[in-house]
Amino acid sequence: MTLRELKPGVHTVGAIDWDRPLFDEIIPLPDGTTYNSYVIKASEKTALIDTVDPSKTHELIANLNALGISHIDYIIANHAEQDHSGSLPKILSLYPGAKIVTNPKCKDFLKELLLLADEDFITVEDRQTLSLGDRTLEFIYAPWVHWPETMFTYLREDKILFTCDFLGSHLATSDTYADNEAKVYESAKRYYAEIMMPFRTIITKNLEKIRDLDYTIAAPSHGPVYRNPKFIINAYNEWTSDKVKNEVVIPFVSMHGSTRIMVDYLMKALMKRNITVKPFNLPHADIGQIAMALVDAATLVLASPTFLVGPHPAAAYAATVVNALRPKLKFVSLMGSYGWGGKMPEQLTAILTNIKAEIIPPVIVHGQPRGNDFTLIDTLAESIQKKHQALLG
Ligand code: FEO
């Protein structure tokens, strides 16, 4: 997002990162990302809402200069993570007298992360307001979207809710608004899956907190702005609900083909039973696509050969990611093949401690699957079908 006017006196001044390949050195960014920052020039005071990633500070400064912003009174920090806060030291040095406005927890984080001083800050309470003259900011604590210190800022007179990471999408685009809803839905779902999903339960509370708030624009800090906020709120309501779909996510890895034969057989057995399958060949898979599939699926079947005496590292990595993302899975099973023994299923199960799903007995075969092994896979497919039917009707 670059320099655009949202409302008279309210501009986007952030930066587009068209080709950043990874976030947090793990999350693929197939569509790049944006770091949105907003400036509000009111009758008495000027406020900047969040900043940008340090690599793009020069673009933020250029946008402020292009708007003729020579003085900033307040820099609102909705979130301490550096892709939004990293430019704060530079902005403070360029705009002497500016104060960072945030909650006490975010202040503590910012002091540690950016080595800022006490006197750089003004702290605000939940629902506290701050007058800019003819405009009013209201701060709404929204913890755990996705750090514990996060908050929203509501610009009352213009009915704009600045939500920082919440509702965002890693989508580099020249569009100011999320009018291409099909495209934004995919990017926002990927973002939710990778960043927000572990906090699903608390997110529902934050959604409830803003349910009756009168806003016509939701302005996140990544991706385009929503002038139809209902679209993204409805999507979040769906993703965070307890409802699951008749889907099985199957991340797998196979070294010499035996586990692959099992996966192919299971997929056919499930499809025959009208169950949607989402396989991911782990050494080549986009971890973000797996995360997205896990937003809705009722069941996970993780398939791995035995590598030395444990799971293949790619399967262990997938299990670690699934465990961290805490999807709303209802059922989990494992499949795989071994050569001379090992503890592959036990070690994978031990990684999945956060997943409160029912474990369906794994199917582990010695060498290449044959005869009764396929009967066991059929039994697994049948068991999944029955459990899905009992759950989904
Ligand atoms: Fe976009 Fe949590 O930072």
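Remember, predicted model here, so these are calculated numbers, not experimental data.

K.L.:
So what about the sheet that holds strand β1 (residues 4-7)? Which residues, and what values?
P.N.:
If you walk across this open sheet you meet the seven strands as β1-β2-β7-β8-β9-β10-β11, and the pairing is mixed. Sheet topology places β1 and β11 (121-123) at the edges, where each strand pairs with a single neighbour. Between one strand and the next, the sheet's axes are offset by a mean angle of 25 degrees, whatever the strand orientation. The pairing of strand β2 (residues 10-12) with strand β7 (residues 38-41) spans three bridges and is antiparallel. Opposite Val10, over in β7, you have Ile40 as the bridge partner.

K.L.:
Please give an account of the packing of aromatic side chains that cites residues and values.
P.N.:
Inspection of every chain in the model, using the stated rule, returns eleven aromatic pairs. Aromatic pair Tyr226 and Phe231: ring centres 6.0 Å apart, planes at 45 degrees, arrangement tilted. There is no split in this pair, since Tyr226 and Phe231 are both buried. Taking the centre distance of 4.7 Å and the plane angle of 45 degrees together, the rings of Tyr265 and Phe374 count as tilted. Here Tyr265 is found in helix α8 (residues 258-272), whereas its partner Phe374 is found in helix α12 (residues 372-392), with 109 residues between them in sequence. A connected cluster of aromatic rings, assembled from ring pairs, spans Phe152, Phe166, Tyr185, Tyr192, Tyr236 and Trp239. Here Arg227 stacks its cationic end above the ring of Tyr177, 4.0 Å away from the centre of that ring.

K.L.:
Got a sec to walk through the pattern of salt bridges? Specific residues and values, please.
P.N.:
Following the criterion strictly, the structure yields 23 salt bridges and no others. With its nearest N and O atoms 2.9 Å apart, the salt bridge here joins Asp118 to Lys107. Of this pair, Asp118 sits in the loop between α4 (104-114) and β11 while Lys107 sits in helix α4, and the two are eleven residues apart along the sequence. Taking relative accessible area as the criterion, Asp118 reaches 40% and is therefore assigned partly exposed. Among the salt bridges present, the one from Arg156 reaches Glu138, with a minimum N-O distance of 3.4 Å. One end of the pair, Arg156, is in the loop between β14 (151-155) and β15 (160-164); the other, Glu138, is in strand β13 (residues 136-141), with 18 residues separating them in the sequence. Here the residues in one salt-bridge network are Lys189, Glu238, Lys245 and Asp296, joined through shared partners.

K.L.:
Requested: an account of the domain arrangement of the protein chain, with residues and values cited.
P.N.:
Size of an interface, as often reported, equals the accessible area lost when the parts are brought together. Domains assigned within the protein chain are domain 1 (4-240) and domain 2 (249-385). The C-alpha-based centres of domain 1 and domain 2 are spaced at 38 Å. Counting residues at the interface gives 14 residues for domain 1, matched by 15 residues for domain 2. For the domain 1 and domain 2 pair, buried surface summed over both sides reaches about 1300 Å², with 63% attributable to carbon and sulfur atoms. When the buried surface of domain 1 facing domain 2 is broken down by residue, Lys189, Arg190 and Met197 rank first, second and third, together holding 40% of it. At the junction of domain 1 and domain 2, the tally comes to two salt bridges. With a shortest N-O distance of 2.5 Å, Lys189 and Asp296 are connected by a salt bridge. Taken together, the elements giving at least two residues each to the side of domain 1 that touches domain 2 come down to α5 (181-196) and α7 (229-240). Per-element tally for the side of domain 1 that touches domain 2: the top contributor is α5, with six residues. Per-class residue counts for the side of domain 1 that touches domain 2 are seven nonpolar, one polar and six charged.

K.L.:
Describe the nonpolar core, listing the residues and the values that go with them.
P.N.:
Phe166, Met196, Tyr226, Ile232, Tyr236 and Leu329 are the most contacted members of the largest nonpolar core, which has 63 residues in total. Of the domains in this structure, domain 1 (4-240) and domain 2 (249-385) are the two that each give at least three residues to this core. Discounting residues that sit within four places of it in the chain, Leu329 has contacts with Leu294, Ala297, Ala298, Thr299, Leu300, Val322, Ile355 and Ala357. Ile61, Ala77, Leu92 and Leu114 belong to the second-largest nonpolar core, a separate cluster that totals 24 residues.

K.L.:
Which residues make up the environment of Arg190, and what are the values?
P.N.:
With respect to the helices and strands, Arg190 occurs in helix α5. Residue classification places Arg190 among the buried residues on the basis of a relative accessible area of 8%. Note: C-alpha distance between Arg190 and Leu282 (92 residues apart in sequence) is 18 Å. Setting aside anything within four residues of it in sequence, one finds Arg190 in contact with Pro28, Pro30, Asp286, Gly288, Gln289 and Met292. Side chain to side chain, Arg190 and Asp286 meet in a polar contact 2.7 Å long.

K.L.:
Summarise the packing of α5 against helix α9 (residues 287-294); cite the residues concerned and give the values.
P.N.:
Where α5 meets α9, the axes come as close as 8 Å, and the angle between the chain directions of the two elements is 90 degrees. Relative to α9, the element α5 is oriented roughly perpendicular. Packed against α5, whose contacting residues are Glu186, Lys189, Arg190, Ala193 and Glu194, the element α9 presents Gly288, Gln289, Ala291 and Met292 at the interface. Residues that form the contact of α5 with α9 fall into these classes: three nonpolar, two polar and four charged.

K.L.:
I'd love a proper account of the sheet that holds β13, names of residues and values included.
P.N.:
Here five strands make up an open sheet; going across it, the order is β12-β13-β14-β15-β16 and the pairing mixed. Because the sheet does not close on itself, it has two edges, and the strands there are β12 (129-131) and β16 (217-220). Geometrically, the sheet is characterised by an average inter-axis angle of 20 degrees between neighbouring strands, direction not taken into account. As paired elements, β13 and β14 share five bridges and run antiparallel to each other. Residue Leu137 lies in a different strand from β14, and its bridge partner there is Leu155.

Parameters at a glance
- Residues numbered from 1 in each chain as written.
- Predicted model: local features only at pLDDT ≥ 70, side-chain atom pairs only at ≥ 80, totals over all residues.
- Heavy atoms only, no water.
- Pairing = 2+ DSSP bridges.
- Helix = DSSP H or I, 4+ residues; strand = E, 2+ residues; numbered from the N terminus.
- Axes fitted to C-alpha atoms, helices over the stretch in contact; angles between N-to-C directions.
- Phe/Tyr/Trp six-rings, centres within 6.5 Å; stacked < 30°, edge-to-face > 60°.
- Buried < 20%, exposed > 50% of the residue type's maximum accessible area, 1.4 Å probe, protein only.
- Lys NZ or Arg CZ within 6 Å of the ring centre and 35° of its normal.
- Salt bridge = Lys/Arg side-chain N within 4 Å of Asp/Glu carboxyl O.
- Domains from an automatic or database assignment.
- Contact = heavy atoms within 4.5 Å.
- Buried area = accessible area lost by both parts, 1.4 Å probe.
- Nonpolar A, V, L, I, M, F, W, Y, C, P; charged D, E, K, R; others polar.
- Core = buried A, V, L, I, M, F, W, Y, C linked by side-chain atoms within 4.5 Å.
- Polar contact = N/O pair within 3.5 Å; in protein donor to acceptor, adjacent residues only side chain to side chain.
- Parallel < 35°, antiparallel > 145°, perpendicular 65-115°, else oblique.

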